[in-house]
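Examining the three-dimensional arrangement
This is what each chain is made of:
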Amino acid sequence: MIPPSRLAKLHGMGRIRKCALEAEKAQRAWPTPGSDPTLAKEALAGLRGMAEFLLAAEESPPELREASSSFLRDTGGQAWEAGFLRALDRFRHALRRISGQSSADWDLIDPAELRSSGPSPESRLQEARAPTGRRLYLEDLRSPFNVGTIFRTAEAFGFDEILLSPDSADPSHPRARRSSMGTVDRIPWRRVAVEDLADLAGGMGGLLALELGGIPLGSFAFPPRGILVLGSEELGVSEPLLRLAGMTRVSIPMHGNKASLNVAVAFGIAANAWTMQAELRP
């Protein structure tokens, strides 16, 4: 934790941004349950010292003084452990906001990092889980942000694998990695050409397409296994893949004037419905 003597040498937004980075570093490295309790107390002392400095500094704007005061109030007393991480999270995001930084999805901290005890995050990536039979095909998705978000959702719902067309954005792109919150390394993926998908789908339960003009989601009977096709942000699912899917086409009813959903949001809705049906199946 940066000492007050060094903070005194920083000024303006640079000081606040440095404090935001220090708070993030502390939150990510917060001792897990079972760790030496002195580590948490030492970290707390450093964070409170930083907040006390910001509260007392003449150049601190009122919003910064209020955020620092709230953090000191919420982490004082004997029972500070109970809500400490939430208090630190509020303080960190307040520092970011005051310094002119808006928080994006990739600035958030995976709660698994804070709760974990035992196996390291790296070893948990390798943990095997029972296959669900559900797979996903991304046809020409151009946005790395969408690809990463879809990876995150697919991993959360237990999809076995993600297949990508040759022209889909690279899951290793920095923006895809950020929005995936680490799930690019948790769920298997590979490139598959559209013309090769038919043969592959035969042994995986067939294709189903998420596209307009299909059976409404509430009436659609998802198969036990299969590959769900998501089309490009601009053009949707291509005609060759719609023909391969045939009548196995599901649509999300929409009633707004725009009648349009982001592809990653639409996938989340369909993935939830497929998973719920699978859990109810005998």
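Coordinates for the structure precede this section.
Residues numbered from 1 in each chain as written. Predicted model: local features only at pLDDT ≥ 70, side-chain atom pairs only at ≥ 80, totals over all residues. Heavy atoms only, no water.

Details of the nonpolar core
Grouped together as the largest cluster of nonpolar side chains are 30 residues, with contacts concentrated most on Leu136, Leu138, Ile150, Leu228, Leu230 and Phe267. Within the residue set of this core, elements represented by two or more residues are β1 (134-138), α8 (144-156), β2 (161-164), β4 (207-216), β5 (226-230) and α12 (263-280). At eight residues, the largest contribution of residues to this core is made by α12. Contacts of Leu138, omitting those with residues within four sequence positions, involve Val147, Ile150, Ile162, Leu163, Leu164, Ser165, Ser168 and Leu230. Counting 27 residues, the second-largest nonpolar core is a separate cluster that includes Ile16, Ala26, Ala40 and Ala94. (Core = buried A, V, L, I, M, F, W, Y, C linked by side-chain atoms within 4.5 Å. Buried < 20%, exposed > 50% of the residue type's maximum accessible area, 1.4 Å probe, protein only. Helix = DSSP H or I, 4+ residues; strand = E, 2+ residues; numbered from the N terminus. Contact = heavy atoms within 4.5 Å.)

Describing the sheet that holds strand β6 (residues 249-251)
A sheet is described by the order of its strands in space; here six strands give the open sequence β3-β2-β1-β5-β4-β6, paired in parallel fashion. Looking at the sheet topology across the chains shown, the edges are occupied by β3 (189-191) and β6. Along the sheet, successive strands turn relative to each other by an average axial angle of 35 degrees, direction set aside. Here β2 pairs with β3 via three bridges, running parallel. Looking at β3, one finds that Leu164 is bridged to Arg191. Each of β1, β4 and β5 is contacted by α12, which is oriented at about 160 degrees to β5, the strand it contacts most. (Pairing = 2+ DSSP bridges. Axes fitted to C-alpha atoms, helices over the stretch in contact; angles between N-to-C directions.)

Some remarks on the packing of helix α3 (residues 37-56) against helix α4 (residues 62-74)
Two elements in contact, α3 and α4, have axes whose closest approach is 8 Å; the angle formed by their N-to-C orientations is 145 degrees. Crossing angle aside, the handedness with which α3 passes α4 is left-handed. Contact with α3, carried on its side by Leu47, Arg48, Ala51, Glu52, Leu54 and Leu55, involves Leu64, Arg65, Ser68, Ser69, Phe71 and Leu72 of α4 and no other residues of that element. By residue class, the composition of the contact of α3 with α4 is seven nonpolar, two polar and three charged. (Left-handed = near helix turned anticlockwise from the far one by under 90°. Nonpolar A, V, L, I, M, F, W, Y, C, P; charged D, E, K, R; others polar.)

What about α12?
Three or four residues apart is the spacing at which side chains of an α-helix point the same way, because the helix has 3.6 residues per turn. The terminal C-alpha atoms of α12, which comprises 18 residues, lie 26 Å apart, in line with the 26 Å expected from a rise of 1.5 Å per residue. Buried within α12 are the following residues: Val263, Ala264, Ala266, Phe267, Gly268, Ala270, Ala271, Ala273, Trp274 and Thr275. Where α12 is buried, its residues touch β1, α8, β4 and β5. At the N-terminal end of α12, a side-chain oxygen is found 2.8 Å from the backbone nitrogen of Ala264, two or three residues along, and the residue is Asn262. (Expected span 1.5 Å × (residues − 1). Polar contact = N/O pair within 3.5 Å; in protein donor to acceptor, adjacent residues only side chain to side chain.)

A word on the pairing of β2
Residues Glu161 and Leu163 of β2 are buried on one face, and the alternating residues Ile162 and Leu164, pointing to the opposite face, are buried as well. As paired strands, β1 and β2 are joined by four bridges and run parallel to one another. Within β2, the position partnered with Arg135 by the bridge is Glu161. Since β1 and β2 lie parallel, the crossover through α8 that links them has a hand, and here it is right-handed. (Right-handed = clockwise from strand over helix to strand, strands pointing away.)

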